[in-house]
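# Inside the fold
So you can see what is in the structure, the chains are spelled out below.
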Amino acid sequence: MSDRENLIAQIMDAQREMQHHFANDPANPLFTLHLTLPQLKALLLLSAHGSIAGQELSTAMGVSLATMTGMVDRLVAQGLATRREDPHDRRVRRIELSGPGRDLVDRFVTAGTEKMRRILARLSEDDLRALARCGALLAGAMADDRDPPAGGCLPFAIS
């Protein structure tokens, strides 16, 4: 293995260890969500797209419109999404996150932020500068990436 490949492997190992550390934290909101994985995926898509037509959402989810309708019905019943008529085409129903839906997605996306802040506070200023530079380098590399990972997940996301 080349030095470059060895360094990449070390970074990936550290990332995996951090992800497991955060994923196994009992404070992780995943442990308190009462949603199916497809419902969570729908909420994340709604968060990314804002208002979206039901047909577009079903296509993005890879499910039939009938399946999507049932899923949206359950999200609306839980107060996490709203459904309204498209102002340009009354035949189209647009779906978007409700206030509680936005709050839930925000809690999910930012999970671990305070824990990470406590961990970072243990490091020296020199180490923090090095990590800040690494973060900027990774963010720049991600911005240049033409093929984002499936599902839109960032490769170094900590949740």
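Please read these numbers as outputs of a predicted model, since none were measured by experiment.

Definitions and cut-offs
- Residues numbered from 1 in each chain as written.
- Predicted model: local features only at pLDDT ≥ 70, side-chain atom pairs only at ≥ 80, totals over all residues.
- Heavy atoms only, no water.
- Pairing = 2+ DSSP bridges.
- Helix = DSSP H or I, 4+ residues; strand = E, 2+ residues; numbered from the N terminus.
- Contact = heavy atoms within 4.5 Å.
- Axes fitted to C-alpha atoms, helices over the stretch in contact; angles between N-to-C directions.
- pLDDT = per-residue confidence, 0-100.
- Buried < 20%, exposed > 50% of the residue type's maximum accessible area, 1.4 Å probe, protein only.
- Arc of directions from axis to C-beta.

### A look at the sheet that holds strand E1 (residues 52-53)
Taken in spatial order, the 3 strands make up an open sheet running E1-E3-E2, and their pairing is antiparallel. Each having just a single partner strand, E1 and strand E2 (81-85) make up the two edges of the open sheet. Inspection of the sheet shows E1 paired to strand E3 (residues 93-97) by 2 bridges, in the antiparallel sense. Note that in E3 the partner of isoleucine 52 across the bridge is isoleucine 95. In this fold helix H4 (residues 65-77) packs onto E2 and E3, with an angle of close to 115° to the strand it touches most, E2.

### Observations concerning the confidence of the model for the chain
Model confidence for the chain is summarised by a mean pLDDT of 86, while 91% of its residues fall at 70 or above. Taken element by element, the predicted model of the chain shows its lowest mean pLDDT in helix H6 (residues 113-121) (88) and its highest in H4 (95). Segment residues 148-159: pLDDT under 50, and 17 contacts once partners within four positions in sequence are set aside and those in other chains are kept.

### Examining the pairing of E3
Across 5 bridges, the pairing between E2 and E3 is antiparallel. Note on E3: the bridge partner recorded for arginine 83 is isoleucine 95.

### Quick notes on helix H3 (residues 54-61)
Inspection of H3 places Gly54, Leu57, Ser58 and Met61 among the buried residues, and these make up the whole buried set. Relative to the axis of H3, the buried residues are bounded by an arc of 100° and lie together on one face. In this fold, the buried residues of H3 make contact with helix H2 (37-49), E1, H4 and E3. Just downstream of H3, glycine 62 is the residue with a positive phi angle, here 75°.

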